Amino acid sequence: MAVDRVPPIFAAQLNYLLSHSPFSIKVEQMWSGSKNYPWNDRFTLLIPFCLDFIKWDIIYNVESPLSPPDIMFGAEDDKFIPFVLSSDPSKSPMHTLSNWNSKDPSRLLSLILQLRELYSAYQGKCVGGVDDERVKFEISTMLSREGIEMSLSSGVEKPEEVKFAVPLLDTSINNMVPACPWRQQQKIHLQVIYPIGRKYQSAPSAPRLKLVSTLELRSLFSVEDIKLPTWLNGMCMAEYLPALEETVQMQILEAVSLIGIRRLFIETLTVVFGRPLEADPIFCRKATFLVANGVFTFLVHFLLPIQFPKKQPTLILQSSQHFNKQGVPVRSPVMSEYPWSPRWELSDMASRIFDFVVEESSNFKKICNDALQR
Amino acid sequence: MAPISPSGGENKSAPPSNLTSLSLSSPPSSSAMEDLPLLKVSISGPTLSSLINRFASASSNTEGLLFGKFSLHTPSLTDDDSPSPSPHPSSLIATVTGFISSGNSPGDLDSLLRRNHHRHVIGWFSGRRRSPLRPSLHEFAVSQSLSSADSPRIFLLLTTPFHDSQSLIHTHEYRVYHFVKSGNCFEATPLDVVNIGPAFRGQYSAFSPNSELPCLPYEFQGGSPMKEDEKERENMNLREMKRVAKDQKDLEAYAAGYELGSLSRLVGSDAVSYVGGVEELYEKMLAKLDCLANQVEGSSSKVLEMEIHNMKLRHRVAGLE
């Protein structure tokens, strides 16, 4: 993204926003609205909301750099602006805008946070206005839950839907990981989508359910591995959630304990391979060792799956002597088929992999020489 | 005001209507008018194109006020066979007759409004390049605060398409909204561009002049009957007389060189021998125009100089140098 073409006074606000936001905000595009200057003074922000993104255009004016930005909301949210303008004056974003201080880099972030909070309230109001008994009941029982978000989506083609994003577990996942590298709180949400407007159906259909985790959490565990309990007929969220939360809690604890096993495994590998050149110290998903077979020296990359030791590590060999025409070291294909049993002792696993690498090294040498001749 | 008969070229489906001019700055029934729906906004072709030109030549965003008037539109009672009788007894038509823009200092609508309080402000416009054609937060807020004042409630939005590569072809998009105070929302309103031609003949009789020149002939009028103090009345008269004298002097300056006496020699038997005189008159007019053009050029370049200077100051503040 061409941040260098953003006027410094706006860039300071934007960079502060991107680095200090409690959730990850992205810039989709940047462009210039000026005729005479090529400075980028407008950009579209992608702001996470209810497990989806809302797109807001921030329109600064390079000709008037001290003025506050103008904001364009989504075309489908045409009732949102009056909602903003009628909000409580002391906490209103309009107050921030009319007392704009372009020298304070935190202003844009606080404006966006204020607006997002109002947007959440606005969507809550929209969902509250939906004429559906089940949704009304869910709102009355779930509203007290902290961090719950809801939105009403309706298109021309598709039927109306009410989406809930329910945060699971009130314990912090970040605190469970030793030496946690995540700046933002990692969360797991249950997405519940209720279809609306099928009044003629006698029994309401089950909502669509999906577990969604924040992106970085994938290096620890995958929500796809969690089997969702079945949604029984006539169930509501308050009944459904406790069992699910228990399952998720167990899975996370297990995933955290697996970090320890991977660490132990990498330590065991050092007995046969020597000190690793590089290893992932937090999640222990990667380790690289230098190996020599005669004069032929090469690297062995270990990639450990989150399900280790149930699933075996994948190996990639990389020569430190052979390079292709582009100057890139020659690599072997990914190797994930070799003798393995999750029931072996860790030391057994290590020595068997070592035997396999020794065996494979002559093959790999051939690949390297072929690559050179070509 | 005479009722307008629909002329040949006019849209046949439009019901015949009575147009009554109403000025909003003297609102006897302002609140009643607030409730009337707005049928359409009409603007003359030259006004619209000069507005677009202002937007196109501005270096960035531009804002300004729209002047004009509201007319009452009453569907005629004889129009029984109308396929869809209007649910409202009457509605309004807004006519944009002119505009003023804040130039390169956006957000100065307030001072514009103060300086133009004597004119009939019916709304405002905003032009911003490469952005969606719908009102923004700022525009909504401005419309809302303007509508809490007496009258202005038309909002004209000008944009250029997002993928405008500043090529040889300029594309401008515009849309007119009507800010509904009671509903606190914008309603898109059709914009009727009125051009010169047989199809628009019906519009001509609806025209009421809106001139900046002093109204002449100047009839001498006494002070308001409410003023009982004789002395004060005399003072008023003196002031009025001074103004009349000044207006008269201004007019004579405008007409210098073509007094009625010499003009009468242009016709009849003398005309042939008067060619020299006509040429002289012509030259004087040209010289006057030339002088005026020079003055305009000089002041324009001064304004431009100031604008560039201001821009530099703003950029220095923003650290853009």
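This text goes with the structure placed above it.
Small disclaimer: the values here were computed from a predicted structure and weren't measured.

Chemist: What's the story with the interface of chain A and chain B in this structure? I'm lost.
Modeler: Where interface size is given, it is often the accessible area lost as the parts come together that is meant. Counting from both sides, the interface comprises 34 residues of chain A and, opposite them, 30 residues of chain B. Roughly 2,800 Å² of surface becomes buried between chain A and chain B when both sides are summed, with 61% attributable to carbon and sulfur atoms. When the area that chain A buries against chain B is broken down by residue, the three leading residues are A:Lys35, A:Glu63 and A:Met72, summing to 22%. Summed over the shared surface of chain A and chain B, the number is 12 residue pairs in polar contact (both at pLDDT 80 or more). Secondary structure elements with two or more residues in the side of chain A that touches chain B: α1 (8–20), β1 (26–31), β3 (52–59), β4 (70–72), α2 (80–85) and α3 (93–98) of chain A.

Chemist: When you look at the sheet that holds strand β5 (residues 149–153) of chain A in this model, what are you seeing that I'm missing?
Modeler: Adjacent strands of a sheet pair through backbone hydrogen bonds, lying either parallel or antiparallel. Residue and element names in this part refer to chain A. The antiparallel open sheet is built from 4 strands, whose spatial order is β5-β6-β7-β8. Edge positions in the sheet fall to β5 and β8 (208–213), since each of these pairs with one other strand and no more. Between one strand axis and the next, the sheet turns by 20 degrees as a mean value, whatever way the strands run. By the bridge criterion, 6 bridges tie strand β7 (residues 188–195) to β8 in an arrangement that is antiparallel. Paired with His189 across the bridge in β8 is Val212. Along the sheet, helix α4 (residues 107–128) makes contact with β5 and β6 (161–167), crossing β5 at roughly 60 degrees.

Chemist: Would you explain the packing of α1(A) against α4(A) in this entry?
Modeler: Angle between the axes and distance between the axes are the two parameters that describe a pair of packed helices. Residue and element names in this part refer to chain A. α4 packs onto α1 with a crossing angle of 55 degrees between their chain directions and a minimal axis gap of 7 Å. Relative to α4, α1 is oriented oblique. Counting all contacts with α1, which are made through Gln13, Leu14, Tyr16, Leu17 and His20, the residues of α4 involved are Arg107, Leu108, Leu109 and Ile112. Among the residues forming the contact of α1 with α4, the class breakdown is 6 nonpolar, 2 polar and 1 charged.

Rules used in this analysis
Residue positions are given per chain, counted from 1 along the sequence in the order it is written. Throughout, the order in which chains and ligands are written sets their labels, letters from A for the former and numbers from 1 for the latter. Local features in a predicted model are, by the rule used here, given only for residues with pLDDT of at least 70; side-chain atom pairs are given and counted only at 80 or more, and totals for whole chains, interfaces and linings are based on all residues. Excluding hydrogens and water, the side-chain values take into account all heavy atoms of the structure. It only takes one pair of heavy atoms within 4.5 Å for two residues to be counted as in contact. The quantity reported as buried area is the accessible area (1.4 Å probe) lost by two parts once they are put together, taken as the sum for both. Identification of polar contacts relies on pairs of N or O atoms within 3.5 Å, with a donor-acceptor requirement for protein atoms, meaning one able to donate a hydrogen and the other able to accept it, and with residues adjacent in sequence counted only if both atoms are side-chain atoms. What counts as a helix is a DSSP run of H or I of at least four residues, what counts as a strand is a run of E of at least two, and both are numbered from the N terminus. Pairing between strands is defined by DSSP: at least two bridges between the two strands are required. Under this scheme, a helix contributes an axis fitted over its contacting stretch, all axes are lines through C-alpha atoms, and angles between N-to-C directions fall in the 0 to 180 degree range. Orientation categories follow fixed angle ranges, with anything under 35 degrees roughly parallel, anything over 145 roughly antiparallel, 65 to 115 roughly perpendicular, and all other angles oblique. Nonpolar residues are Ala, Val, Leu, Ile, Met, Phe, Trp, Tyr, Cys and Pro. Charged residues are Asp, Glu, Lys and Arg, and all others, Gly as well, are polar.

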